[in-house]
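Take a look at the letters that make up each chain.
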Amino acid sequence: MADAPWAEIREKFQAALALSRVELHKNPEKEPYKSKYSARALLEEVKALLGPAPEDEDERPQGDDSLGAGDHALGLPAELVEAEGPVAQGAVRRAVIEFHLGVNHIDTEELSAGEEHLVKCLRLLRKYRLSHDCVSLYIQAQNNLGILWSEREEIETAQAYLESSEALYNQYMKEIGSPPLDPTEHFLPEEEKLAEQERSKRFEKVYTHNLYYLAQVYQHLEMFEKAAHYCHSTLKRQLEHNAYHPMEWAINAATLSQFYINKQCFMEARHCLSAANVIFGQTGKIRTTEDSKFRSTEAEGDVPELYHQRKGEIARCWIKYCLTLMQNAQLSMQDNIGELDLDKQSELRALRKKELDEEESVRKKAVQFGTGELCDAISAVEEKVSYLRPSDFEEARELFLMGQHYVFEAKEFFQIDGYVTDHIEVVQDHSALFKVLAFFETDMERRCKMHKRRIAMLEPLIVDLNPQYYLLVNRQIQFEVAHAYYDMMDLKIAIADKLRDPDSHIVKKINSLNKSALKYYQLFLDSLRDPNKVFPEHIGEDVLRPAMLAKFRVARLYGKIITADPKKELENLATSLEHYKFIVDYCEKHPEAAQEIEVELELSKEMVSLLPTKMERFRTKMSLT
């Protein structure tokens, strides 16, 4: 390096950095990596000008054969050795070049070469990794190796590198704490070095990336609690340091809400979704440090479509929030036949008071995003929707209307043409919102109308879908439509029971609903048959419970048909018995099936025992008349 002018080395390095930042779509179409290859050539020139590294001249030190994640992966802290003197400074500068060569090769999809350069970077810095001059570079090299191994689906290796970075950051902040040198500063003259504030900003950004990658690794390893914690920390830090793209941040916050929903932490879920709404509203309005990075990865024409897609995805997360909160309340308050239990309703109201107290004392502070105006804006969204489980119709209706608002918003993007599966899932969620709202409704006629709305939105889908390509979805909808008709029939029977003398119109309506329910349950059961139209001897685990429920409900439906023809009634009872008997026989042959339908199996056994006697009495009565 003594023979090479330092100014020439610095100039080549800065030129290489500038070329590395050129956006791919600005290169010729047939040479997308042209600027990357030009940057690589300059970096190789700088490397040659710097001269050989100590490990190239001599044998590699003992114990340095590891990939670089060794010490921290084993929980051993680093020792502070400052990178002082010409040998140490030379090693650090070579490490900077190896790092950039590593990233360059990864960017051009040459992963093995990229790994080699990054590992060389770690070896050169190993001794100095806790020092003010090297800690940021060492963490960045390990972060990149973590991403590389993650892409290879070697998740444990990725985890070792990323946890090593986290441990080194924590040790540095605890023992030293001052903002460390940014890697680019090793090739800057003294007067151009970064201010302390800028160094701190860049180092904190490196650590935020480390947490972001760790969140993904823990998700892959199905360590969901840990993944959620790291995701939340990442989002919080991105806001604190104004280092985020609004659209990306919002979708990550909305995704995190789904974890809290599954944990029944509805206050935390609401906060994530409210924050997602507020930050998503900044798209294109508030410039952050990540905006230019985002624009470089998306072609200009793609952004409007991506914007609407992300808006639809956030809307779907809100739908799940409203639906799950209502369903959770229903489960808490229903009796063993699915109707409202007043004692359980009182218990839920008492529990809600406890949840309110917890919110004020602990939980709200633990999850809160943003400060000042941003915090106020998020709170304003939160105030529009409750996180407490609804205990009556009015509260449930508010959640329903919110969920329905987001259904319409999601359907604006997820239309049947182009997004068949997504569109159907949104419609199914809409149907489910009506279904759970009906639980809270006390007026039986109005409940009927809610189920009628469900049928109106689901039936057309069956006509539109090709069962050859959408067999599973078809089955789901057939079963759901059948159940909606089944519920309507039960409600009409309950209304008729309250009348002294039900007229022929209501009888006709009950039979019509019965017939429609039977039609769709039969369509569902027929879809399980093989190409020769034979019903399977062994029903697959994924459809076992719905198949058994369909058989049970078909049996019950035949028993509920109202007819003045004794012969027809006897036929209906025989068909009903046949289906009850199928359930009992199947569970005897396949004992594991009994666990799926314990209540229905007991009732089926009872009916198999009672129906023959009833039918015999009916035959005797018929012979006498």
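Definitions and limits used
- Residues numbered from 1 in each chain as written.
- Predicted model: local features only at pLDDT ≥ 70, side-chain atom pairs only at ≥ 80, totals over all residues.
- Heavy atoms only, no water.
- UniProt positions renumbered as here; feature names shortened; annotations may be inferred.
- Helix = DSSP H or I, 4+ residues; strand = E, 2+ residues; numbered from the N terminus.
- Buried < 20%, exposed > 50% of the residue type's maximum accessible area, 1.4 Å probe, protein only.
- Contact = heavy atoms within 4.5 Å.
- Areas by Shrake-Rupley, 256 points an atom, 1.4 Å probe, with all protein chains shown as cover.
- Phe/Tyr/Trp six-rings, centres within 6.5 Å; stacked < 30°, edge-to-face > 60°.
- Lys NZ or Arg CZ within 6 Å of the ring centre and 35° of its normal.
- Expected span 1.5 Å × (residues − 1).
- Polar contact = N/O pair within 3.5 Å; in protein donor to acceptor, adjacent residues only side chain to side chain.

The protein chain is annotated in an unreviewed UniProt entry as KIF-binding protein from Balaenoptera acutorostrata. Heading Function (unreviewed entry) of the UniProt record for the protein chain holds this comment: "Activator of KIF1B plus-end-directed microtubule motor activity. Required for organization of axonal microtubules, and axonal outgrowth and maintenance during peripheral and central nervous system development."

**Q** Sorry if this is basic, but what is going on with the overall build of the protein chain here?
**A** In terms of helices and strands, the protein chain carries 25 helices and zero strands. Per-residue burial for the protein chain yields a buried fraction of 48% across its 625 residues. Considering only contacts in the protein chain between residues 6 or more positions apart, those separated by 24 or more positions represent 74%. Split by element, the accessible area of the protein chain, about 32,300 Å² in all, is 50% carbon and sulfur.

**Q** How do you make sense of the packing of aromatic side chains when you look at a structure like this?
**A** Aromatic rings in a pair are described by how distant their centres are and how their planes are angled relative to each other. Here the structure, examined in full by the defined rule, presents 26 aromatic pairs. Members of the aromatic cluster, connected to one another through ring pairs, are Tyr169, Tyr172, Phe203 and Tyr207. The ring of Trp149 is capped by Arg152, whose NZ or CZ atom sits 4.6 Å from the centre of that ring. Just above the ring of Phe414 sits the side chain of Arg316; from NZ or CZ to the centre is 5.4 Å.

**Q** Looking at this model, I keep getting lost on unusual backbone geometry. Mind explaining?
**A** A negative phi angle characterises most non-glycine residues, just as the trans form characterises most peptide bonds. For Glu153, which is not glycine, the phi torsion reads 65 degrees and is therefore positive. Within the element layout of this structure, Glu153 appears in the loop between helix H7 (135-151) and helix H8 (155-175). Within the chain, Glu222 stands out as a residue other than glycine whose phi angle is a positive 60 degrees. On the secondary structure map, Glu222 appears in the loop between helix H9 (196-220) and helix H10 (224-240).

**Q** When you look at helix H19 (residues 444-464) in this model, what are you seeing that I'm missing?
**A** Within an α-helix, residues lying three or four positions from one another point in the same direction, as the helix has 3.6 residues per turn. Here H19 spans 31 Å end to end across 21 residues, near enough to the 30 Å set by a 1.5 Å rise per residue. Along H19, the residues that are buried comprise Met444, Arg447, Cys448, Met450, His451, Arg454, Ile455, Met457, Leu458, Leu461 and Ile462. Buried residues along H19 sit against helix H17 (393-413), helix H18 (420-440), helix H20 (471-498) and helix H21 (504-526). Taking the backbone nitrogen of Glu445 as reference, a side-chain oxygen 2.9 Å away marks Asp443 as the first, capping residue of H19.

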